[in-house]
Every structure is written in structure tokens, then in C-alpha cells.
Amino acid sequence: MKIALTTKEMSYCDRMTIENGVPSAQLMRRVAEKIFSSYKWQGRIYIICGKGNNGGDGLALAEIMWDNGIEAFVFLIEDTVSSDGKYYLSRLKDKGFSNIYSENNCDYHCDIIVDCIFGTGFKGVPDGKYANVIKRINDSKAYKISVDIPSGLNGDNGKSIARVEADETVTVQYPKTGLFLNGGKDATGKLKVIDVGIGLYADGCKIVEEEDIRILFPRRKNDTHKGTYGKSAIIGGCSNYLGAVKLANAGLCALRCGGGLNSIVVPKTHVVNIASAVWESTARGISDKDGFMLFDEKEIDQAMKGVDCVAIGMGIGDKYEENLKIISHILTNYRVKVVIDADGLNSLAKNIDILNQSKADVILTPHIKEMSRLTGLSVEAISEDPIKIAMTFAKEYGVKVLLKGASTVVTDGKKVFLIVNGGAELSKGGSGDTLSGVILGMASQGRSLLESGYSAAYLTASAAKNLKDEFSEYGVLPSDVSREIAKIVKSYKK
């Protein structure tokens, strides 16, 4: 797995590398060399530099271009530059490079703009002058390359007021978490990571990649049966949202990704409706009132008989007190793996302390608004630091958290995994239900909930991305995704 760092972690790694014998000016030179070798530089090139080390990277790049017979034009936003930037500015002048101008003289009519305004240390809102420069870059028809991070973007959380909308971002050594969170992915464009020899002195977040998922699907032995791969149950559905459990089970997403035996538990009123839509799973009814589940201890115990893991909450409805009784009974009486989603989370929010009494191994799968209900924090506060909020919650309540967003955060309070391959094609009702089914399928065959969470998130995102080519981001349906997952798993066996 690759690593993503916060800006504080990256700064520490920079400092430790310098203290271990690599001068900062030499690191700046390495950055510029790697950027230069990463592109085929053609046409009219503008390098727009701020006063910090990000601007220094641009000056070092201009020198390398000059040495290689490529003419670039440097535009300085301020009269001052960093100490390392001064070193490269002096070298440029000593070599007779005269294409250095104030940004006021920039017409932005060029083929390539290299954005070296703000580095990862930038926080806050660009002031009037800088906001204007960013706007003019975005209005330009030039191809935009941001160095390390699009200027104006918060390197930790991906939020911004004014930012460069890069076509491509070349980031140094380790991706920054802000490149993946909130609006970071939209601002970054194509992401390229360059290795300049900065050591890793922080834990960071692990970015999940295909090879990390492939190893979770070893070749199966012939001498096995359905019970070998676990028994799972999906509990949910009501008169208003019966489709949610169908989606969790649609295409048997829990089974198609590897689970062995599954039952679907719904209000008795709707067993017939479910049975007609589900062939490979068994259907079981729970007493209900007006199509909403009622808590009956004996019925829940019967539904849980022999079950290794359970997903609860998809489409279960807003009868929160009754839902909470069912959830509480399962958590406090069964040492099983439990996936809680949708209205299961909203029910749990009514008494979150039940998690402290749980015998079960639990993963919660909220989107940011559901996380707000669980924590009592505002949506804005969570979006400011989604990784820390998820970690803190997971640690406090002894659970795993899968926090959905532009990138998905999966954590047990100690380790953090980022799933960054998702896109707008998943922004549809029912995607979360499908995801819960896949988590359940992974967990039922013996994977930990942490592995199940990050692998399921990666698989659903990959499946949706594959389907995007066929249907566009508008046309991918959650019911398509589970079938596509089976194809992806098949490709792992080649």
C-alpha cells in the first residue's frame, strides 16, 4: 500500500531528511529534476511563483529548463522569495536568464502554466492579489500543472475557498491527504507522485490498491462446501424502503464476492415480495406493524441461529426505538461480526453508548450526515478533519468506522485506510446498501472487519468505475455493481 501524509507529517519527514544529511536546496533541485523529466515540455511555458519554497521549486525548474534549451517565463507574485528560492534565482541570473517578471506583467496566454504559488503549508483563504492570480490561472486555456498541491487547497482536508483547478498535479514523495478528501480530487486532476528521496518518518494513511485486494482472494480448495465460507444475514427493509435490502442482496452481492450462505430477514408482511426477488438466499420474516419490524427476542434469536456475521439497517425505516431494541439485542448477546448502516445508524444514534456494552465486532458505515448524528458534531466540523473524527470515534467506542465521502476512510482507531478510487458514478441511492452487502460477504468468509471494510469499498468503487465506460457516470446503477464485482474477482484468478 502507498502512504498518504498530512501536511504536518510531510513537514516532519522533510525536516528529518534534511537533518540526516540532505540539504534543503538539494531536495529542491531533486524536485525540479523529477518534474522536468516527467513531462514533454512544449510551447509557451509560464511558471508562476509565490514567495515560499513552492516558488523556489519553480525557480529551480526554470534553471533546469534553461540548461536543456527550453525557454520558460517566470512570474514572481512577490518581490521576496525563500532562502532556497533566492539561491536558484541567483543562479538563473548568473546564467543570463532574463525571463523574470512581476506577475503584474503576466498575460496568461500560454500553452502550459506551472503553478508554484502555495505549497502544502498553506492554510486559510488566499487574499485579494492571490485570489486574482488563481482566478486568472483557472480562466486561462493553458494546461495547468500544480507542483505538490493545487495552490489554495488545504493539504489536510481538501477544502478551499479559491484554488487552482489543475489538469495535473505532481506531488512530492507522498500524496497529501487533502488531495483525496472533500474537493481535493476535483482540484487535483491527474495525480503523479515523484520520488526525491525523502524518508518516511510517519505512519500516515494507507492508500488501498488493487494488489492489496487481490491477495484477499486465494484460490479455493475443491474439498469445501457452502458452510466453509460463512453464514451471513441481512436484516432490514420496511414498507417504504424494501428496495434497500434487495439491493444489499441484489446480484447476491454478499455471495458473489465470496460468501457461502446468506439469509435475508424482513418484516413478515414483505416476505413474499422478497422471496420473489431472491433466489439464492433464504427469506425469513419478523413480526411487524404496518410493514415495520417489531422487536421479538425469540424471532431475532431464531434469525441469528448459526450466523457468523450480520448487516443491519438497510431500509429498516425510521422506527428508531424498535430498531434500537433489535440492534441492542444482537450487539449485547452475540459474538459475531456486525455491519450497521443507514437507519441502523440513525437508530444507534439514539443511544450510542450501547456500543460500549457490545460483545460483537462492529463496523459502522456512515456518510458524513450520519456521522454527524452519531457524534453530535456538525457536518462542517467533520469535513474539516474526517480522518481524525473517524479515528477518535472508532477508538472511543471500540468499533471500526467506514466513513463515506469523496474518498472513503476506514479505521479501527489505530490504522487508517483511504480508498481513493471512487467517483461520482457511486453518487446514487442504493450504493451504500450494495456496499454493506459486499462488506458482509467479505466478513462471512473470515476476513476481519477492517479488511472487509476497505476491500469492499475498493471493490464497489472499481466495479462502478468499470461500468462508467459503458453507462457513463450518470447511468451506473447500484444493481449493476454487484454483478461487476464478480467479474473483478474472476480477473484476480487469472
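What counts and what doesn't
Residues numbered from 1 in each chain as written. Predicted model: local features only at pLDDT ≥ 70, side-chain atom pairs only at ≥ 80, totals over all residues. Heavy atoms only, no water. Helix = DSSP H or I, 4+ residues; strand = E, 2+ residues; numbered from the N terminus. Expected span 1.5 Å × (residues − 1). Buried < 20%, exposed > 50% of the residue type's maximum accessible area, 1.4 Å probe, protein only. Arc of directions from axis to C-beta. Phe/Tyr/Trp six-rings, centres within 6.5 Å; stacked < 30°, edge-to-face > 60°. Lys NZ or Arg CZ within 6 Å of the ring centre and 35° of its normal. Pairing = 2+ DSSP bridges. Axes fitted to C-alpha atoms, helices over the stretch in contact; angles between N-to-C directions. Contact = heavy atoms within 4.5 Å. Parallel < 35°, antiparallel > 145°, perpendicular 65-115°, else oblique. Left-handed = near helix turned anticlockwise from the far one by under 90°.

Undergrad: Which residues make up helix 16 (residues 386-397), and what are the values?
TA: For helix 16, with twelve residues, the first-to-last C-alpha span of 17 Å sits near the 16 Å given by 1.5 Å per residue. Inspection of helix 16 places Pro386, Ile387, Ile389, Ala390, Phe393, Ala394 and Tyr397 among the buried residues, and these make up the whole buried set. Summarising the axial view, the buried residues of helix 16 lie within an arc of 170°, below the 170-degree limit, and thus occupy one face. What points out from helix 16, more than 90 degrees from its buried face, is the exposed set Lys388, Lys395 and Glu396. The positive-phi residue at the C-terminal boundary of helix 16 is glycine 398, with phi of around 65°.

Undergrad: Describe the packing of aromatic side chains, naming the residues involved and giving the relevant values.
TA: Scanning the model with the defined rule gives ten aromatic pairs in all. Note on tyrosine 46 and phenylalanine 73: the rings are 5.9 Å apart at their centroids and 75° apart in plane angle, and the pair reads as edge-to-face. A residue pair is termed long-range when its members are at least 10 positions apart, and tyrosine 46 in strand 2 (residues 45-49) and phenylalanine 73 in strand 3 (residues 72-76) qualify at 27 residues. Under the relative-accessibility criterion, tyrosine 46 is labelled buried at 1%. Clustering of aromatic rings is evident, with ring pairs tying together Tyr46, Phe73, Phe75 and Tyr101. In this structure, arginine 44 is placed above the aromatic ring of phenylalanine 73, and the distance from its NZ or CZ to the ring centre is 4.4 Å. Note that lysine 319 overlies the ring of phenylalanine 292, its terminal NZ or CZ placed 5.0 Å from the centroid.

Undergrad: Give a detailed account of the sheet that holds strand 19 (residues 408-411), specifying residues and quantitative values.
TA: The strand order 1-9-20-19-18-17-16-15-10-11-12 describes an open sheet built from eleven strands, whose pairing is mixed. Edge strands, defined here as strands with exactly one partner in the open sheet, are strand 1 (2-4) and strand 12 (282-286). Shown here is a sheet whose adjacent strand axes are inclined to one another by a mean of 20°, direction ignored. Across two bridges, the pairing between strand 17 (residues 361-364) and strand 18 (residues 400-403) is parallel. Among the inter-strand pairings, isoleucine 363 is bridged to a residue of strand 18, identified as lysine 400.

Undergrad: Account for the sheet that holds strand 6 (residues 143-147), naming residues and giving values.
TA: Working definition: the strands of a sheet are paired by backbone hydrogen bonds and lie parallel or antiparallel to each other. Pairing in this open sheet of seven strands is parallel, and the strands run 4-3-2-5-6-7-8 from one edge to the other. Here the strands that pair on one side only, and so sit at the sheet edges, are strand 4 (100-102) and strand 8 (190-194). Geometrically, the sheet is characterised by an average inter-axis angle of 20° between neighbouring strands, direction not taken into account. In the sheet, strand 5 (residues 112-116) pairs with strand 6 via four bridges, with the strands oriented parallel. Within the sheet, the bridge partner assigned to valine 114 lies in strand 6 and is isoleucine 145. Lying over the sheet, helix 3 (residues 53-67) contacts strand 2, strand 3, strand 5 and strand 6, oriented at roughly 150° with respect to strand 2.

Undergrad: Let's hear about the packing of helix 18 (residues 449-475) against helix 19 (residues 478-492): which residues, and what values?
TA: The contact between helix 18 and helix 19 brings their axes to 8 Å, and the two run at 120°. For the element pair helix 18 / helix 19, the angle class is oblique. Once helix 18 is placed against helix 19, the crossing between them reads as right-handed. For the pair formed by helix 18 and helix 19, the contact residues are Tyr458, Leu459, Thr460, Ser462, Ala463, Ala464, Asn466, Leu467, Phe471 and Gly475 on the first element and Asp480, Val481, Glu484, Ile485, Ile488 and Tyr492 on the second.

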